[in-house]
Amino acid sequence: MRHLRALCAIADTGSLRKAARQLGMTQPSLTTQLRRIENTVGGRLFSREVTGSRPTPLGRSVLCRARPIVAEMNALVSEVRLEAGQTADARLRIGSTGSRAVVGWLRRLRARYPDADTTIHIDVSANALLQMVAANQLDVAFVHEVEGAPLRVPEGVERRVLVEREPQFVALAETHPAAARPVVRLPELAADQWMVDPSVDGEGPGLRRVLAAAGLNPRVVYGDYLTAADLVASGEVVTPCQPTARSRQGVAVRPLHGDPLTVRLFLASRAVPVARTGADGSAPDTVVRTGADGSAPDTGARTGGTESAPDMAARTAAIEPAAPDPVSDVPVDVDATASGAPLDVDALFGDLADAYFEIAWASVAYRQWLVRNESPLLRLQEPPTRDELDILGLAGPAEVS
């Protein structure tokens, strides 16, 4: 089973490095294991190409037999754990591609489910996390999707959109001439060397698309965002970064003019069958659907009052429809909280929305962006007062540098 799971992971991620990260092992170990498997079957199962690892004809044949076996084993384990749930502790397994909001989210979840064993799995690959949700290895996953580089959302996984277009800022050295400006234009960085993490799904292609659209062709190198701060501070590279990124010594975080780099933030979970008929036999309009392009519906103009996280979740969630349960036609989920009730994904989404706004509002640069753009996130709290706008330098007409 370990060998079959390894083959499926390599095929799903298209990369030995990503597969190793998903399986919790090193790339050399996975490479050695793959060689042993290929020696056992007597032929190559994957070919190494510039774009990644691709199954050979023999590999496709093996995968056709391996996937049903792995799926049956996953189902067997889930059923056994469900039957043992009378005595086992409740679990809540969440995943994320990495966000400063995760700390606040975990704090809220542990307060909501104090008796549950809550665990977090961080992975730079959103596609890997989505596969784990589909395989019932995670209950929910908070991921980002680079604009222009759609993720591979497995069948049976639904999405609740938290932020339709989150701007990506740029991290550059404090000594960089552009750092003196509140908003940076891409041409000001034309002579700089950009760095992206190749393990982050869609990041490289998304950046190259934006640079090409601006008529720029700077050098793009690959590295690990976790170790990028020193390179940025020294002026060696500039990198895209989340607008909630924490300030570091020698590093300036600035918005990009026009927000050319954006991502969609959403919470993924397994689809839960829902009732399709009301008391009069008609279908209730309770499921908010994504558009043909996967975008969330228009949330309308900004309101003046407060709005709770669950209200915001209900207003902005973009949920793909699930098929009805052929037996009971009522919501069913095998994942249970500490109280034994079905997993409340809407509540998890509301806690995530609260945690995300908390960290977004704590970032001065992002806070200014939210106010200038009248972001729907501002519905989570009272509108800023005049004094707050004065502090942000936004009391008068918005100015774009």
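What counts, and where the lines are drawn
- Residues numbered from 1 in each chain as written.
- Predicted model: local features only at pLDDT ≥ 70, side-chain atom pairs only at ≥ 80, totals over all residues.
- Heavy atoms only, no water.
- Salt bridge = Lys/Arg side-chain N within 4 Å of Asp/Glu carboxyl O.
- Helix = DSSP H or I, 4+ residues; strand = E, 2+ residues; numbered from the N terminus.
- Buried < 20%, exposed > 50% of the residue type's maximum accessible area, 1.4 Å probe, protein only.
- Polar contact = N/O pair within 3.5 Å; in protein donor to acceptor, adjacent residues only side chain to side chain.
- Pairing = 2+ DSSP bridges.
- Axes fitted to C-alpha atoms, helices over the stretch in contact; angles between N-to-C directions.
- Contact = heavy atoms within 4.5 Å.

> Explanation requested: the pattern of salt bridges in the structure shown.
Pairing between side chains of opposite charge can happen when the charged atoms of each approach one another. If you walk through the whole model with that rule in mind, you get 13 salt bridges. Note that Glu158 is salt-bridged to Arg160, the shortest N-O span being 2.7 Å. A salt bridge links Glu164 to Arg264; its shortest N-O distance comes to 3.0 Å. Separated by 100 residues along the polypeptide, Glu164 in strand E6 (residues 157-167) and Arg264 in strand E12 (residues 262-270) bring together distant segments of the chain.

> Would you mind showing me how to read the side chain of Arg264 here?
We classify Arg264 as buried; its relative accessible area is 11%. A polar contact is formed between the side chain of Arg264 and the side chain of Glu164, at a distance of 3.0 Å.

> Is there a simple way to explain unusual backbone geometry in this structure?
Outside of glycine, negative phi angles account for most residues, and trans bonds account for most peptide bonds. Despite not being glycine, Asn136 shows a phi value in the positive range, around 65 degrees. Along the chain, Asn136 turns up in the loop between helix H6 (126-134) and strand E5 (140-146). At Asp259, a position not held by glycine, the phi torsion is positive, near 50 degrees. Overall, Asp259 belongs to the buried group, its relative accessible area being 16%.

> Would you mind showing me how to read the sheet that holds strand E11 (residues 251-254) here?
Pairing between the strands of a sheet comes from backbone hydrogen bonds, and it takes one of two forms, parallel or antiparallel. Here we have three strands laid out as an open sheet, ordered E10-E7-E11, and antiparallel in their pairing. Edge positions in the open sheet fall to strand E10 (239-241) and E11, since each of these has one partner strand only. Put simply, the sheet's adjacent strands are angled 35 degrees from each other on average, direction ignored. Here strand E7 (residues 169-173) runs beside E11; their pairing, made up of four bridges, is antiparallel. By the bridge assignment, Leu172 is partnered in E11 with Ala252.

> Looking at this structure, I do not really get the sheet that holds E6. What am I missing?
The strand order across the open sheet formed by five strands is E4-E3-E5-E12-E6, and the pairing between neighbours is mixed. Looking at the sheet topology across the chains shown, the edges are occupied by strand E4 (117-122) and E6. With direction set aside, neighbouring strand axes in the sheet form an average angle of 20 degrees. In the sheet, strand E3 (residues 91-96) pairs with E4 via six bridges, with the strands oriented parallel. Along E4, the bridge assignment pairs Ser96 with Ile122. Sheet contacts for H6: E3, E4, E5, E6 and E12; angle to E5, the most-contacted strand, approximately 145 degrees. Contacts from helix H10 (residues 345-362) reach E3, E5, E6 and E12 within the one sheet, and its direction differs from that of E6 by about 15 degrees.

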